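One letter stands for each residue in the lines below.
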Amino acid sequence: MGKLPAPALAAPLSSADMSDLRQRFKAGKKALLDEFAQARPTLTASATLLRRLARHVDAHLQQLWAAAQMPAGAALVAVGGYGRDELFPYSDVDVLVLLPDGVEAHTSGAIKSGIEAFITACWDTGLEIGSSVRTLDECLIEAGADVTVQTALLESRLLCGARALHKQMEAQLMASMDASAFLRAKTLEMRQRHTKYEETPYSLEPNCKESPGGLRDLQVLIWIARAAGLGQTWRELAAKGLITKFESQQLQRNEGLLKLIRARLHLIAGRREDRLVFDLQTAVAESFGYTASKAQRASEVLMRRYYWAAKAVSQLNQILLLNLEEQVNGSQQGLMRNITPEFLDRAGMLEVASDELYQQQPHAILRTFLLYQQTPGIKGLSARTLRALYNARELMDAKFRRDPVNRATFMQILRQPEGQTHAFRLMNQTSVLGRYLWVFRRIVGQMQHDLFHVYTVDQHILMVLRNVRRFFIPEHAHEYSFCSALAAQWDKPELLYIAALFHDVAKGRGGDHSDLGAVEVKRFCREHGLNKVDTALVCFMVQHHLTLSRVAQKEDLSDPEVIAAFAAKMRDERHLTGLYLLTVADIRGTSPKVWNAWKGKLLEDLYRVTLRALGGARPNADAEIEARKHEARNALALHSMLPGTEAPLWETLELSYFARHEASELAWHARSLWRHVGAGQAIVSARPSPVGEGLQVLVYSPDRPDLFARLCGYFDGAGFNILDAKVHTTRNGYALDTFQVASPDLDLHHRDLVSLVETKLSQTLNAAGPLPEPRRGRLSRRVKSFPYTPRIALRPDERGQRWLLSISTTDRAGLLYAIARVLARHGINLQLAKISTLGERVEDTFLVDGPSLQLNRAQLQIESELLDAIALPK
């Protein structure tokens, strides 16, 4: 086979022929997709579509191959997903032009021109193929060097041409296959892919192909089985004893559902789109016939079904992968030791001694996870144990949940010195957690459309449990040292774990989920033998798990009445500490983007000042202020400032200034402004934020009505997010404003950033002219899919001297500037701004005053203009 007969020179396809082929190919595909779109969304319908699409492309390629008069010794081979004899509406079509050894495409002009003509014809007739041209030897060399090529060839399928050559490639590929190395490579690939998708099938926009529990997890299993010669279908694997007949049926059913969802997703998107993104979820759901109800959206019905399928795939993937490892690596008879009469340690995996253990002893189900925690060296559950748990799901009924032995075991799991995070994840993955805590089962796979949670409710809860657990682990003390210090003094960690498990467990029912969750956790505590004091504490933490965050981020913490009221609600130090730890863990568990050091500082400040109030220290503003002044003077002395440096500035400021700023800020302000008090010019000073993120920016300028709006306009245009603003007016008519800002987009060194802000902001303040229009940033897909109704509340404080303006809306560029322009237009003075960003939602609180706020008509006008300013662009 050293030479191929030169192909007969075929007359090239005419433009009319090409146009006709293009039209026929396009029309044929459209007919298949239209038929699928009109058909009932069944597993059979999607399987038929994928097979018929592959056949349609097969016929088109075969016709083009013949028209190009390719040499008889060459072969056209489908590889990759197309090689599986199925094709999604917009999936890649990968083909291999296989040549015998000794023949290279570039050495023969006729062969080269024939191949080029074939590939060009494919594209010209509307078939966008991914093509490669290799000899048999080149295929084997590349397969040995690249596991991706090896995988693609493993699923090859002859389309036309030399059948013997293709058979030879298949035989030599399998002969050179190292099944153990292939298994290791695909397992590492899968782990890397799972890490990319955050190790969970429950992200709110999952990739139905690549995410954990997606189609790729099933394909990996078949690839490994084929490489090891163990089978190519689920039925063949069942016949080999690697899975049971029931598991084979479950794999086929869930694979069919994922394929159906992916096919519908492609059809509706009109392109290759494997992510169930928010703006497509509703359309896909409606294509399944799901409709919205008062209780849930159509998309939520679809996603719940997807999550249950992905969860089943994840479970079955674990079972089968472990069995394949045993077969391939010959570890079926691995080293085992007895742990108890019921359980064995099988090479670090916990294994049931009998397949019938759970049927004979249902109490052993929960003991599995207790033993997993207690036994050193156990790193997971064996395939046999996972299968036994999978088959024991129906045993976990109401009687099982009421059993005192099971309740005692569950509390033992919570009270173990370590292992809760992994134990509860395993319990959720194996469906044991939802079967035992029936209230938890209701929120498995439940979506959260609140613009800042990025996980389903059950995954968020487990994330919060993990965060609480980390407070008690010394290795994680560097992450949140203050929380770790408090946790070290906490005597019953299980109370915090229970609060974490139940804090959001009533979401999606309607009503206040905090109150409903408190009812559920009270029932749990009573049934599991907690005393009245501990029960009351856990109920308190669940019922008020949003309170501490709300007060810290929305209210004036320098106001003694705010602190006194909050302290009264907290009751004592134990309630305050428990709620603080739960709150930090909760916020950190919503999304990686929601938590920042500034939020942490606000929460810690509220905790500390409330703790003093609970300790009997009555708020004494004068004493507190004098203490801060004394500390600030000491700080100035350390910077070699002369005594009295602070006097010119401090003499112009009200007590509220000293109440709202820490001693370090008082010293910084005095050091920056002592030469410029009343000098008639704008001064800008910036420094890296003491809390570790972004900058603190000090502005001292002759006051004017639009000053705050101009400042917001600068920060908006420069790409900064304002996290906090403290605004003061001095007795001599100057504004002294301090901003906490951050910018995720700027990658300058702090020193360069400080210089840039000081220069550019000074120029902005010295510029004249009207305020520029706020920029309208692009809205994210998530905001477009789940618009949040803007809300405004304007109410006087208890003294009737100042007003609290609360604004809740979706976040976007220019938002704060748009708000500031309205306030400036009505001559409203801003005293305090608390900016709270929760993912893509903002909860801003402003302390304001001004004569227009005393007039009802003016109030309505202000509120109306603010609603217009914060409304989403159409």
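Everything that follows concerns the structure shown earlier in this document.
Since we're looking at a predicted model, the values are computed, not measured.

Trainee: Got a sec to walk through the packing of aromatic side chains? Specific residues and values, please.
Mentor: Evaluated as defined, the whole model comprises 22 aromatic pairs. Relative to phenylalanine 524, the ring of phenylalanine 502 lies with its centre 5.1 Å away and its plane at 45°, an arrangement referred to as tilted. Here the residue phenylalanine 502 occupies a position in helix H24 (residues 493–502), and phenylalanine 524 occupies one in helix H25 (residues 513–527), the gap between them amounting to 22 residues. Residue class for phenylalanine 502 comes out buried when judged on its relative accessible area of 3%. Overall, the relative accessible area of 4% leaves phenylalanine 524 in the buried class. Note on tyrosine 657 and phenylalanine 658: the rings are 5.1 Å apart at their centroids and 80° apart in plane angle, and the pair reads as edge-to-face. Look at tyrosine 657 and you get buried, because its relative accessible area is 1%. Judged by relative accessible area, which is 1%, phenylalanine 658 ranks as buried. Arginine 262 extends its terminal NZ or CZ atom over the ring of phenylalanine 88, reaching a point 4.2 Å from the ring centre.

Trainee: Which residues make up unusual backbone geometry, and what values go with them?
Mentor: Although it is not a glycine, aspartate 85 sits at a positive phi angle of roughly 65°. Within the secondary structure layout, aspartate 85 lies in the loop between helix H3 (80–83) and strand E2 (93–99). Residue serine 640 is not a glycine yet carries a positive backbone phi of 65°. With respect to the secondary-structure elements, serine 640 resides in the loop between helix H31 (621–638) and helix H32 (647–650).

Trainee: If you had to explain helix H30 (residues 597–614) to someone new, which residues and values would you point to?
Mentor: Three or four residues apart is the spacing at which side chains of an α-helix point the same way, because the helix has 3.6 residues per turn. Here H30 is 18 residues long and its end C-alpha atoms lie 25 Å apart, about the 26 Å a rise of 1.5 Å per residue gives. Those residues of H30 that fall on the buried side of the exposure criterion are Trp598, Lys599, Gly600, Lys601, Leu602, Leu603, Leu606, Tyr607 and Thr610. Within two residues after H30, glycine 616 carries a phi angle of roughly 95°, on the positive side.

Trainee: Describe the packing of helix H26 (residues 532–543) against helix H29 (residues 573–588), and please don't skip the residues or the numbers.
Mentor: Relative orientation and spacing of two packed helices are given, respectively, by the angle between their axes and the distance between those axes. Direction vectors running N to C along H26 and H29 enclose 45°, while the axes themselves pass 10 Å from each other. Classified by the interaxial angle, the pair formed by H26 and H29 is oblique. Our pair here, H26 against H29, has a crossing hand that is right-handed. Contacts between H26 and H29 involve Leu537, Phe540 and Met541 from the former and Arg574, His575, Gly578, Leu579 and Leu582 from the latter. In terms of residue class, the contact of H26 with H29 is made up of 5 nonpolar, 2 polar and 1 charged.

Trainee: Give me the lowdown on the sheet that holds strand E8 (residues 380–381), citing residues and values where you can.
Mentor: The strand order across the open sheet formed by 4 strands is E5-E6-E7-E8, and the pairing between neighbours is mixed. The outermost strands of the open sheet, each flanked by one partner alone, are strand E5 (336–338) and E8. Across 3 bridges, E5 lies against strand E6 (residues 343–346) in antiparallel orientation. Looking at E6, one finds that arginine 337 is bridged to aspartate 345.

About the criteria used
- Residues numbered from 1 in each chain as written.
- Predicted model: local features only at pLDDT ≥ 70, side-chain atom pairs only at ≥ 80, totals over all residues.
- Heavy atoms only, no water.
- Phe/Tyr/Trp six-rings, centres within 6.5 Å; stacked < 30°, edge-to-face > 60°.
- Helix = DSSP H or I, 4+ residues; strand = E, 2+ residues; numbered from the N terminus.
- Buried < 20%, exposed > 50% of the residue type's maximum accessible area, 1.4 Å probe, protein only.
- Lys NZ or Arg CZ within 6 Å of the ring centre and 35° of its normal.
- Expected span 1.5 Å × (residues − 1).
- Axes fitted to C-alpha atoms, helices over the stretch in contact; angles between N-to-C directions.
- Parallel < 35°, antiparallel > 145°, perpendicular 65-115°, else oblique.
- Left-handed = near helix turned anticlockwise from the far one by under 90°.
- Contact = heavy atoms within 4.5 Å.
- Nonpolar A, V, L, I, M, F, W, Y, C, P; charged D, E, K, R; others polar.
- Pairing = 2+ DSSP bridges.

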